[in-house]
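Each chain, letter by letter, is given below.
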Amino acid sequence: MENEEFRLGKDFVIPANDADGKPMPFDLRKLNPGRVSDEAYRTARESVVRTCHDVYIDTQIGSKRGLLLVVRDAEPAKGALWPIGGAMRRGMETEESLRYLARGECGLDLHNLVELGGSRVFCAKNPFAGSEFGSDEWGQNFYAIGQGKIDLDNLHKEPLHKEPRIVTSNEFFSGLQKELHPYVQKYMKRAFDVMLKHFS
């Protein structure tokens, strides 16, 4: 699968590269408005489909190598085992955004990213107490090799993740798979397929 990105400049030129493969002159930083107010963020979460990316990180703790899952400490999916990930950042290309997010959320640098596909995710809850609206999200998924020391959640004032867990392929296929959310099941299986075929 190819994660292709296009840019529409002032003259609406696509794709992102010209005939010689050189990037078109368009500054992505102009797409990032900086921090928005809590009220504006809540309105956006309750009004539009949020575009996210999640990554199954091939790493190890001690001598145990596998894919990293964490326990989510925020809605939606609070208390569930989940991969590192979250909303794509405006003004960053997809892989750059994912690298930024992973570094902030778990301290690992990502290498050898492989796209696994994406799915729409409908959730009954969202992060806001008392809200009558759930979450409606698109999740793009990746496999990656992580390098560095796991250090959860420097990116948020209130940690979104806790309890890092390395899951081996044997654990996953021997029973844990059935305990995970179907969204996680689907892409973790694809991540193990990539890991065992190309990086074992």
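Residues numbered from 1 in each chain as written. Predicted model: local features only at pLDDT ≥ 70, side-chain atom pairs only at ≥ 80, totals over all residues. Heavy atoms only, no water.

Asks: Hey, could you run me through the overall build of the protein chain in this one?
Replies: What the protein chain contains, in helices and strands, is 4 helices and 7 strands. In the protein chain, which comprises 200 residues, the share counted as buried stands at 37%. In the protein chain, 68% of the contacts between residues at least 6 apart in sequence involve partners at least 24 apart. By element, 50% of the accessible surface of the protein chain is carried by carbon and sulfur atoms, the whole surface being about 11800 Å². (Helix = DSSP H or I, 4+ residues; strand = E, 2+ residues; numbered from the N terminus. Buried < 20%, exposed > 50% of the residue type's maximum accessible area, 1.4 Å probe, protein only. Contact = heavy atoms within 4.5 Å. Areas by Shrake-Rupley, 256 points an atom, 1.4 Å probe, with all protein chains shown as cover.)

Asks: Just checking my understanding: could you explain the nonpolar core for this structure?
Replies: Proteins that are soluble and globular tend to have nonpolar side chains buried together. Ranked by internal contacts, the top residues of the largest apolar core, which has 22 residues, are Tyr-56, Leu-67, Leu-69, Tyr-143, Leu-180, Val-184 and Met-188. Sorting the residues of this core by element identifies strand S2 (64–72), strand S3 (81–82), strand S5 (109–123), strand S6 (135–147) and helix H4 (182–198) as the ones contributing at least two each. When residues of this core are assigned to their parent elements, the largest contribution, 8 residues, is made by H4. Other than its neighbours up to four places away in sequence, Leu-180 contacts Leu-69, Leu-81, Phe-172, Gln-185 and Met-188. (Core = buried A, V, L, I, M, F, W, Y, C linked by side-chain atoms within 4.5 Å.)

Asks: It is not clear to me how the environment of Ala-87 should be interpreted in this structure. Could you clarify?
Replies: In this structure, Ala-87 sits in strand S4 (residues 84–87). Separated by 11 residues in the primary sequence, Ala-87 and Leu-98 place their C-alpha atoms 8.9 Å from one another. Once residues within four sequence positions are removed from consideration, Ala-87 is found in contact with Arg-50, Thr-51, Cys-52, His-53, Ser-97 and Leu-101.

Asks: Any chance you could explain the side chain of Asn-141 here in plain terms?
Replies: One can find Asn-141 in strand S6. A polar atom in the side chain of Asn-141 sits 3.2 Å from the backbone oxygen of Gly-139. Discounting residues that sit within four places of it in the chain, Asn-141 has contacts with Asp-54, Tyr-56, Val-114, Glu-115, Leu-116, Gly-117, Gly-118, Tyr-183 and Tyr-187. (Polar contact = N/O pair within 3.5 Å; in protein donor to acceptor, adjacent residues only side chain to side chain.)

Asks: It is not clear to me how the side chain of Glu-105 should be interpreted in this structure. Could you clarify?
Replies: Among the secondary structure elements, Glu-105 is positioned in helix H2 (residues 94–106). One buried charged side chain, Glu-105, makes no salt bridge at all; its nearest oppositely charged neighbour is Arg-72, positioned 6.6 Å away. Engagement of the side chain of Glu-105 in a polar contact is seen with the backbone nitrogen of Gly-85, the distance being 3.3 Å. (Lys, Arg positive; Asp, Glu negative; His and termini not counted. Salt bridge = Lys/Arg side-chain N within 4 Å of Asp/Glu carboxyl O.)

Asks: Sorry if this is basic, but what is going on with the pattern of salt bridges here?
Replies: Pairs may arise between side chains of opposite charge once their charged atoms sit close together. A complete count under the given rule lists 7 salt bridges for this structure. Salt-bridge contacts for Arg-50 lead to Glu-137; the nearest nitrogen and oxygen are separated by 3.2 Å. In this pair, Arg-50 sits in strand S1 (residues 50–61) while Glu-137 sits in strand S6, placing the two residues 87 residues apart along the sequence. Taking the shortest distance from any N to any O, the salt bridge between Asp-58 and Arg-65 comes out at 2.5 Å.

Asks: What am I meant to see in the pairing of S6 here?
Replies: Here is the key point about a regular strand: its side chains alternate between the two faces of the sheet. Buried residues dominate S6, accounting for 10 of its 13 residues. Bridging between S1 and S6 involves 9 bridges; their strand directions are parallel. Bridged to Thr-51 within S6 is Trp-138. (Pairing = 2+ DSSP bridges.)

Asks: Would you mind showing me how to read the packing of aromatic side chains here?
Replies: In this description, an aromatic ring pair is defined by two values, namely the gap between the centres and the angle between the planes. For the structure shown, the criterion picks out 6 aromatic pairs. For the pair Trp-82 and Tyr-183, a centre-to-centre distance of 5.7 Å together with 25 degrees between the ring planes defines the contact as stacked. Of the two residues, Trp-82 sits in strand S3 while Tyr-183 sits in helix H4, which places them 101 residues apart along the sequence. The exposure class assigned to Trp-82 is buried, which follows from its relative accessible area of 9%. (Phe/Tyr/Trp six-rings, centres within 6.5 Å; stacked < 30°, edge-to-face > 60°.)

Asks: How do you make sense of the environment of Ile-166 when you look at a structure like this?
Replies: Considering the arrangement of structural elements, one finds Ile-166 in strand S7 (residues 161–167). The spacing of Ile-166 and Gly-66 is 100 residues in sequence and 5.3 Å in space, taken between C-alpha atoms. Apart from the residues lying within four places of it in its own chain, the contact partners of Ile-166 are Thr-59, Gln-60, Ile-61, Lys-64, Arg-65, Gly-66, Leu-67, Leu-68, Ile-150 and Glu-171.

Asks: Please explain the environment of Pro-83 as it appears in this structure.
Replies: Among the secondary structure elements, Pro-83 is positioned in the loop between S3 and S4. Counting along the chain gives 28 residues from Pro-83 to Val-55, while the straight-line C-alpha distance between them is 5.9 Å. Setting aside residues up to four positions removed in sequence, Pro-83 forms contacts with Asp-54, Val-55, Tyr-56, Leu-68, Leu-69 and Val-184.

In short, shape yes, function no, at least from these values alone.
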